[in-house]
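Reading the structure
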Amino acid sequence: MTVLDDSTAPGLVGPPNSHGPRRDPAPLLPDPEPVRILGTPAAKTFDAELQRELYRRLVLGRRFNQQATTLTRQGRLAVYPASTGQEACQITASMVLREVDWLFPSYRDTLAVVARGVRPLDALTLMRGHAHSGYDSYEHRIAPLSTPLATQAPHAVGLAHAARLRAAADPETAEELVALALVGDGGTSEGDFHEALNFAGVLGAPVVFLVQNNGYAISVPLASQSAAPTLAHKAVGYGIVGRLVDGNDALAMHSVLSAAVEHARSGRGPVLVEAITYRLDAHTNADDATRYRSAAEVDAWRARDPLTLLERHLRAAGLLDDAGVAAIARAAEDLATEIRAQFDNPPDPDPGSLFTHVYATPTSQLREQAAELAARLDADAAADADAAGGEAR
């Protein structure tokens, strides 16, 4: 029970629980069931070329996942968290953004980064252990892949809010940009996620949070992480819109994400989208998924593979035939060949770059460490040269 007396601060006098925004939660609540379009009359309203393009990108995305996994087995990547089974989420996330918008990916979202135009070798640099990021974030408007869970979410809010402040100060440079933050279900258990939603709601920032709920945070099932009806229901607690969508339905994903992005862009506030999907592969190449989920469970989800669902729909609608499937498969193999070629002679990392982007003005300790490393590298090079000369003699 709240007791108010004469010492209550000015402006806070009134009945208990009357302070702060009081809003009807109904418009913020997600639909009772995930939004689905495949297999419904709504599928007939989708542009035919858009549907075919979605399928093409999904096939290329699947081949990218397969090739990156193979590179890991060959030792050319240190680790690769595959998004196999989640391609519809990643591809649509890249498609619904404009050039001016920003993408804030997690470590499992390499496909979304590549789909937005980054060269595969550069997108996978982090997975090689050669640099924190292999691409220019400003050029591509993609933040570095985030390995710590959910830390990219408050960054997305900060960038979107800062862009709006800059636009207000200088209308001639105004950019109606949206920041799209990709988060896994495990990331929703982190404090950064909740802080990001709270700030986004209070500021009304033009941000969309896409939670790819694949059922597990490594080996921890969602039921052990959250007791909420859905993760999308978490939105209402922060005064923002929540949407629930079938993450393996590419048409539904494109529709819901497009609407969410335009909602944020138009100044109506942030949106939290939960996509129900599934990680068909292990968490990473270092994970044994058989220890925490059954083959029957994986097979049941494999039957709902986003590629299979979309191809079946397109064939039934007369929008795709064997020749079209074969042509897209060839394009996917061309992509795999290109990726392998990029990895045949990858550039060696520059050890000195360890110190490049730590501080704008390096500290004395950093300068000392950089000098020590340079001396060691020079000594190693001299030793190698002496050894080579001895062999020649």
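Here goes a summary of the coordinates provided.

On to the overall build of the protein, then. The helix and strand inventory of the protein stands at 13 helices and 7 strands. Each of the three principal axes of the protein carries a C-alpha extent, and together these read 95 × 65 × 50 Å. For the protein, long-range pairs separated by at least 24 residues make up 74% of all intrachain contacts whose partners lie at least 6 apart in sequence. Carbon and sulfur atoms make up 54% of the accessible area of the protein, which totals about 19,800 Å².

Quick look at unusual backbone geometry now. Phi is positive for Arg-141, close to 55 degrees, though the residue is something other than glycine. Even without being a glycine, Ile-218 presents a positive backbone phi close to 60 degrees. In this structure, Ile-218 sits in the loop between strand E4 (216-217) and strand E5 (220-221).

In a regular helix each residue adds 1.5 Å, so 13 residues correspond to 18 Å; helix H8 (residues 191-203) covers 18 Å between its end C-alpha atoms and thus fits that length. Within H8 the residues assigned to the buried category are Phe-193, Ala-196, Leu-197 and Ala-200. Along the axis of H8, the buried positions cluster into a sector of 95 degrees, meaning they face one direction only. Facing away from the buried side of H8, by more than 90 degrees, are the exposed residues Phe-199 and Val-202. Structurally, H8 contributes buried residues whose contacts are with helix H7 (152-169), strand E2 (179-184), strand E3 (207-213) and strand E7 (271-276). Immediately beyond the C-terminal end of H8, within one or two residues, lies Gly-204, with a positive phi of roughly 65 degrees.

The next point concerns the sheet that holds E2. Taking strand neighbours across the sheet as the criterion, the 5 strands line up as E1-E2-E3-E7-E6 in an open arrangement whose pairing is parallel. Edge positions in the open sheet fall to strand E1 (102-104) and strand E6 (241-246), since each of these has one partner strand only. Averaged over all adjacent pairs, the angle separating strand axes in this sheet is 20 degrees, with direction ignored. Of the strand pairs in this sheet, E1 and E2 are connected by 3 bridges, and their pairing is parallel. Across the sheet, residue Trp-102 finds its bridge partner in E2, namely Ala-179. Most of the contacts of helix H2 (residues 87-95) go to E3, to which it runs at about 165 degrees, and overall it touches E2, E3 and E7. Contacts from H7 reach E1, E2 and E3 within the one sheet, and its direction differs from that of E2 by about 170 degrees.

Turning next to the packing of H2 against helix H9 (residues 250-265). For the pair H2 and H9, interaxial distance at closest approach is 9 Å and the crossing angle is 35 degrees. Of the two elements, H2 crosses H9, and the hand of that crossing is right-handed. Residues Ala-88, Cys-89, Thr-92, Ala-93 and Met-95 of H2 touch H9, and the partners they reach there are Ala-250, Met-253, His-254 and Leu-257.

Tallying each qualifying case throughout the model produces 18 salt bridges. Residues Arg-57 and Glu-53 are paired through a salt bridge, measuring 2.8 Å at the closest nitrogen-oxygen approach. Residue Arg-57 and its partner Glu-53 are located together in helix H1 (residues 48-73), separated by 4 residues, close to a single helical turn. Owing to a relative accessible area of 23%, Glu-53 belongs among the partly exposed residues under this scheme. Arg-265 is the salt-bridge partner of Asp-101, the closest N and O atoms lying 2.7 Å from each other.

Reading the values: the criteria
Residues numbered from 1 in each chain as written. Predicted model: local features only at pLDDT ≥ 70, side-chain atom pairs only at ≥ 80, totals over all residues. Heavy atoms only, no water. Helix = DSSP H or I, 4+ residues; strand = E, 2+ residues; numbered from the N terminus. Contact = heavy atoms within 4.5 Å. Areas by Shrake-Rupley, 256 points an atom, 1.4 Å probe, with all protein chains shown as cover. Expected span 1.5 Å × (residues − 1). Buried < 20%, exposed > 50% of the residue type's maximum accessible area, 1.4 Å probe, protein only. Arc of directions from axis to C-beta. Pairing = 2+ DSSP bridges. Axes fitted to C-alpha atoms, helices over the stretch in contact; angles between N-to-C directions. Left-handed = near helix turned anticlockwise from the far one by under 90°. Salt bridge = Lys/Arg side-chain N within 4 Å of Asp/Glu carboxyl O.

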